[in-house]
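Chain by chain, the residues:
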Amino acid sequence: MFPRVKIHLQKLRENAEMLTGFLKERGIETVAVTKVFGADPRVTQAYYDGGIRWFADARMQNLKRIDPAYGKRMLLRIPMRSELDEVIRIADCSLQSDPDTLYWLNEEAKKQNRKHSIILMLDLGDLREGIFSKEELYAVADRIMHFSHLEWVGTGTNLTCYGGILPSSTNLESLRQQTELLRARTGLALPIVSAGNSSSLFLTPKAWPKGLNQLRIGEALAMGTEAAYGDRFLALHTDAFELEAQIVESRVKPSMPIGEIGKNAFGETPEFEDRGNRHRVIVAVGRQDADAADLIPRLEGLEILGASSDHMLLDAQEVGDKSLVATGETLTFGMNYRAVLRSFTSEYVDRLYVDDPGSI
Ligand SMILES: *Cc1c(COP(=O)(O)O)cnc(C)c1O
């Protein structure tokens, strides 16, 4: 069925091998974040085969899909009160920042007679989740000590999410220092310091502060890029996911619409350049599946003109071999992070798994 995401499993396995190996040499454990591909079991397995033993997701529906035999399962989004019973039942570990939630979580763990590990999130300035002031940090720490069924295993932070604040040796050093203060105050080992996501990677080859020993990585494993500057990281594969869609119309038409221009289907007023008659194709994929701006045609000479909910229009005038853009042909597109995320949450997009050898 089309459209479909073509998933290159060997490339994903190689990304996992390469990244876990590189980070391990620097004393950093890789936690694979599965939310961009909805914790698809085949992709998760490729990561496992590539050496990943920690998996994390923001949503319980995805976390449940991960085979517990593959390793530890971590909940990334600080949990809703309504999901705490599942958090205790399914997750080995969760990121936490709210003292009331911690209290309820401990009560739930007591009820289920289970122990649950927590990582306390500290806000280093990005202003999403996490404890901000030192007074609050100590107050929360003193409370966590009394929770009989919670195992406090470390601290963590999240950067470049809301405020776009980049990781730096300064803010990461602050994470290390605050963790030291907490260790001194509580007498706990707090062995894990979870120092962010794919936006922290660019620091790992150079100024990586000692003792920061975990990263939660989604983008780099799946897309091959670090998230601070969008650059390719190491020699990771950047084309493990591709979108395939079929051409449903192919003909020569004017490039300028005829009549008075109002608003398009999304309330935008479009503008056009008159380039005369052009060969255009319509592909059966739309904004419900992936945004046109997030796709790159693989075929030389193709240019995306725009898309509505279910149709994408391309200019094919410059394509040399017009048989490649005839009705019924399949076009392949490179995808960015957002396109992968959207296509894996669209029920209209099928999945094709291939295990072709990756080329670096
Ligand atoms: C999504 C997420 C990550 C992974 O981010 P990437 O940039 O994809 O590596 C890590 N931590 C938390 C809390 C997240 O929500």
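Please refer to the structure higher up on the page.
Residues numbered from 1 in each chain as written. Predicted model: local features only at pLDDT ≥ 70, side-chain atom pairs only at ≥ 80, totals over all residues. Heavy atoms only, no water.

*Asks:* If you had to explain the pairing of strand 15 (residues 330–335) to someone new, which residues and values would you point to?
*Replies:* Two elements, strand 10 (residues 241–254) and strand 15, share five bridges in a ladder whose sense is antiparallel. Opposite L243, over in strand 15, you have F333 as the bridge partner. Note: strand 12 (residues 295–297) against strand 15, three bridges, orientation antiparallel. When the bridges of strand 15 are listed, I296 appears paired with G334. (Pairing = 2+ DSSP bridges. Helix = DSSP H or I, 4+ residues; strand = E, 2+ residues; numbered from the N terminus.)

*Asks:* Summarise helix 2 (residues 41–49); cite the residues concerned and give the values.
*Replies:* Among the residues making up helix 2, those that are buried are V43, T44, A46 and Y47. Down the axis of helix 2, the sector holding all buried residues measures 155 degrees, keeping them to one side. Residues of helix 2 that are buried sit in contact with strand 1 (4–8), helix 1 (9–25), strand 2 (29–33), strand 3 (54–57) and helix 8 (219–223). The positive-phi residue at the C-terminal boundary of helix 2 is G51, with phi of around 110 degrees. (Buried < 20%, exposed > 50% of the residue type's maximum accessible area, 1.4 Å probe, protein only. Arc of directions from axis to C-beta. Contact = heavy atoms within 4.5 Å.)

*Asks:* Describe the pattern of salt bridges, with residues and values.
*Replies:* This structure, assessed with the given rule, holds 24 salt bridges. Between R13 and D355 there is a salt bridge, with its nearest N and O atoms 3.3 Å apart. Placement of R13 in helix 1 and of D355 in the segment after strand 16 (350–354) is noted, with a sequence separation of 342 residues between them. In this structure, E129 engages R128 in a salt bridge whose closest nitrogen and oxygen atoms are separated by 2.7 Å. With a relative accessible area of 10%, E129 lands in the buried category. (Salt bridge = Lys/Arg side-chain N within 4 Å of Asp/Glu carboxyl O.)

*Asks:* Before we move on, could you go through the site of the ligand and cite the residues and values that matter?
*Replies:* In the vicinity of the ligand, 13 residues are found, and the nearest of them are K35, S198, R216, G218 and E219. Between the ligand and G218 there is a distance of 2.8 Å, counted from an oxygen atom to a backbone nitrogen or oxygen. The contact in question runs from an oxygen atom of the ligand to an N or O atom on the backbone of E219, over 2.8 Å. With the chains in place, 92% of the 390 Å² that the ligand exposes on its own is no longer accessible. (Near = heavy atom within 4 Å. Polar contact = N/O pair within 3.5 Å; in protein donor to acceptor, adjacent residues only side chain to side chain. Areas by Shrake-Rupley, 256 points an atom, 1.4 Å probe, with all protein chains shown as cover.)

It is worth stressing that arrangement in space is one thing and function is another; only the former is reported here.
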